[in-house]
Amino acid sequence: MPQLRSWPLAVLLLASAGLPAAAVEGMPGPFGERLTIDERGITLKFPDDAATLRIGGRLQLDFGTGRVQQRGFGTVFDTPIAVRRSWIESYLTLGKELELAFQYDFAEPNRPINDAVVAYKGFKNVIIALGNMKEPFSFDQLISDNNTLFTERSLADAFAPARNVGFAIGTHGERWTAVTSVFGGNINNAAIGDQGIASTTRVTYAPYLSKDGYDVLHFGAAGSYRSLPNDGSPLTLSSRSEAFLFARQFVNTGGIRDAASIGRVGLEAAWQSGPFRLQAEYILTEIGRFGGAPSLSFQGGYIQAGLLLNGKGRRYTIAPRYATEYAVFGGVEVEEAQRVSRGGTGVFELGLRYSAIDLEDRAIRGGIEHDVTAGVNWYPDRNIRFVFDYIRSHTSPSPASLNFNRRTIDADAFIGRAQLYW
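Residues numbered from 1 in each chain as written. Predicted model: local features only at pLDDT ≥ 70, side-chain atom pairs only at ≥ 80, totals over all residues. Heavy atoms only, no water.

1. Considering empty space enclosed by the protein
Rolled over the atoms, a probe as big as a water molecule pinpoints where empty space is left. Under the definition given, this model contains 3 cavities of 30 Å³ or more. Estimates place the volume of the largest cavity at around 70 Å³. Taken together, the residues of the lining of the largest cavity break down into 3 nonpolar, 4 polar and 5 charged. Considering only enclosed or pocket space, the second largest cavity measures out at about 50 Å³ in volume. Counting residues per element, the ones that place at least two in the lining of the second largest cavity are strand S16 (276-289) and strand S17 (296-308). In terms of residue count, S17 provides more of the lining of the second largest cavity than any other element does, 3 residues in total. Looking at side-chain class alone, the lining of the second largest cavity contains 5 nonpolar, 4 polar and 3 charged residues. (1 Å grid on protein atoms, 1.4 Å probe; cavity = no way out; pocket = protein on both sides within 12 Å on 5 of 7 lines; lining within 4 Å. Points joined across faces, edges and corners; volume = space filled by probe spheres on them. Nonpolar A, V, L, I, M, F, W, Y, C, P; charged D, E, K, R; others polar. Helix = DSSP H or I, 4+ residues; strand = E, 2+ residues; numbered from the N terminus.)

2. As for the layout of surface pockets
By volume, the second largest pocket is sized at about 1,300 Å³. Lining the second largest pocket are 38 residues, and of these Arg40, Ser144, Asn146, Asn147 and Gly331 sit closest to its centre. Among the elements that take part in the lining of the second largest pocket, strand S19 (residues 328-332) stands out by supplying 5 residues, more than any other. Here the lining of the second largest pocket is built from residues that sort into 13 nonpolar, 8 polar and 17 charged.

3. Details of the packing of aromatic side chains
Throughout the structure, instances matching the rule amount to 11 aromatic pairs. Geometrically, the ring pair formed by Trp271 and Phe276 is edge-to-face, given 5.8 Å between the ring centres and 65° between the ring planes. Residue Trp271 is classed as partly exposed on the basis of its relative accessible area of 41%. Centre to centre, the rings of Tyr316 and Phe329 are 5.5 Å apart; their planes meet at 65°, and the pair counts as edge-to-face. Linking Tyr316 in strand S18 (residues 314-317) with Phe329 in strand S19, this pair joins segments that are 13 residues apart in sequence. Judged on exposure class, the residue Tyr316 and its partner Phe329 are both buried. Above the plane of the ring of Phe329 lies Arg277, whose end atom (NZ or CZ) is 4.7 Å from the centre. (Phe/Tyr/Trp six-rings, centres within 6.5 Å; stacked < 30°, edge-to-face > 60°. Buried < 20%, exposed > 50% of the residue type's maximum accessible area, 1.4 Å probe, protein only. Lys NZ or Arg CZ within 6 Å of the ring centre and 35° of its normal.)

4. Things to note about the pairing of strand S21 (residues 364-381)
One ladder, built from 14 bridges, connects strand S20 (residues 347-361) with S21; its direction is antiparallel. Bridge pairing in S21 links Val347 to Tyr379. Here S21 folds back onto strand S22 (residues 384-395), and the loop between the two strands holds 2 residues, one of which, Asn383, carries a positive phi near 75°. (Pairing = 2+ DSSP bridges.)

Here it is, written out as structure tokens:
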């Protein structure tokens with residue numbers, strides 16, 4: 001688990017966070033370019049939109065405490081505080097047709113590179129993307145972690161393929177989107193081509209969408225199929241309770257060494273009316289196996305509600321700037337008068353979620369977990385968020401409990417997050 005070794009970067013990012021309070025714009029350069037420092041980060045823009053370079057980042061620091069009711073479980077949290085994410089992000093736009101993005105996480109030792117994408121937007125309402133990016137699957141996964149309602153995504157996120165190297169093409173209308181893709185493995189792994197090939201597609205439709213994007217009824221479906229190499233490499237599905245600081249996973253299939261393929265089907269729905277949002281998702285995952293062995297089926301899902309007490313809602317965006325994040329909700333907007341730096345109180349948001357995951361089928365006894373999460377978010381100013389979540393977890397049965405002859409785990413956690421993003 002990443003510890004506080006990212007503090008040198010964190011201090012640098014915190015120091016730069018004071019700049020966005022008022023935009024700083026430099027004098028034109030020799031080619032007419034202008035350098036601006038504001039709430040969007042550092043931006044270098046050339047005349048006539050010939051090129052724009054923006055450098056941003058995010059810092060998420062988690063802290064909290066947790067307990068497991070059953071004795072003998074061992075360490076609950078490795079540490080009460082840890083850096084969850086410490087990113088530097090760069091975006092280069094060339095004209096109106098080419099977009100390049102690169103994101104690096106200093107707090108992630110195994111997969112530090114996130115998006116590394118080149119996107120072409122020369123065709124009307126079409127984006128063609130190549131690189132390491134999110135596969136177009138799972139509403140919750142495609143929403144930026146800057147904008148998730150809680151500190152962590154739901155238990156069902158264990159089934160989301162997340163980021164890999166691939167090619168995607170997406171298009172959209174006023175209320176619909178469609179994106180299809182082919183992916184290999186993750187760019188951070190040495191053998192990208194040895195992790196199988198996946199085909200992933202997602203379509204969405206909003207039968208009602210207001211012009212400002214704050215009122216919407218959304219439906220979506222996604223499917224993904226990945227063939228796996230027959231080299232004995234194990235496939236593992238697991239999830240920890242919905243808190244990054246937990247030291248152990250409560251549900252875990254262990255290594256499935258005869259896995260030949262992994263297929264996923266996801267259904268999603270959301271309704272937002274101004275400050276109130278209701279969102280739900282269900283994912284069914286099937287593991288094909290070599291040698292004619294019966295397939296394995298696992299499932300998970302969630303339903304969550306969010307309410308902004310003094311905000312106007314989260315804007316629903318049909319098309320992304322690049323890559324595959326079509327038809328998702330953005331972040332909370334803090335109006336000028338609401339900013340603490342302007343004498344306001346910030347924006348407050350309440351959240352409630354129920355999620356579940358089932359990793360039990362045939363000889364695989366990976367466990368069944370149910371989580372209830374209640375949270376409060378406070379946005380004191382633009383680019384700053386504080387998150388406070390309570391998570392109640394009930395796992396029965398749980399493979400993590402076999403060591404002391406109990407099949408049930410009940411856990412409570414209080415998790416906070418200080419978040420800076422620009």
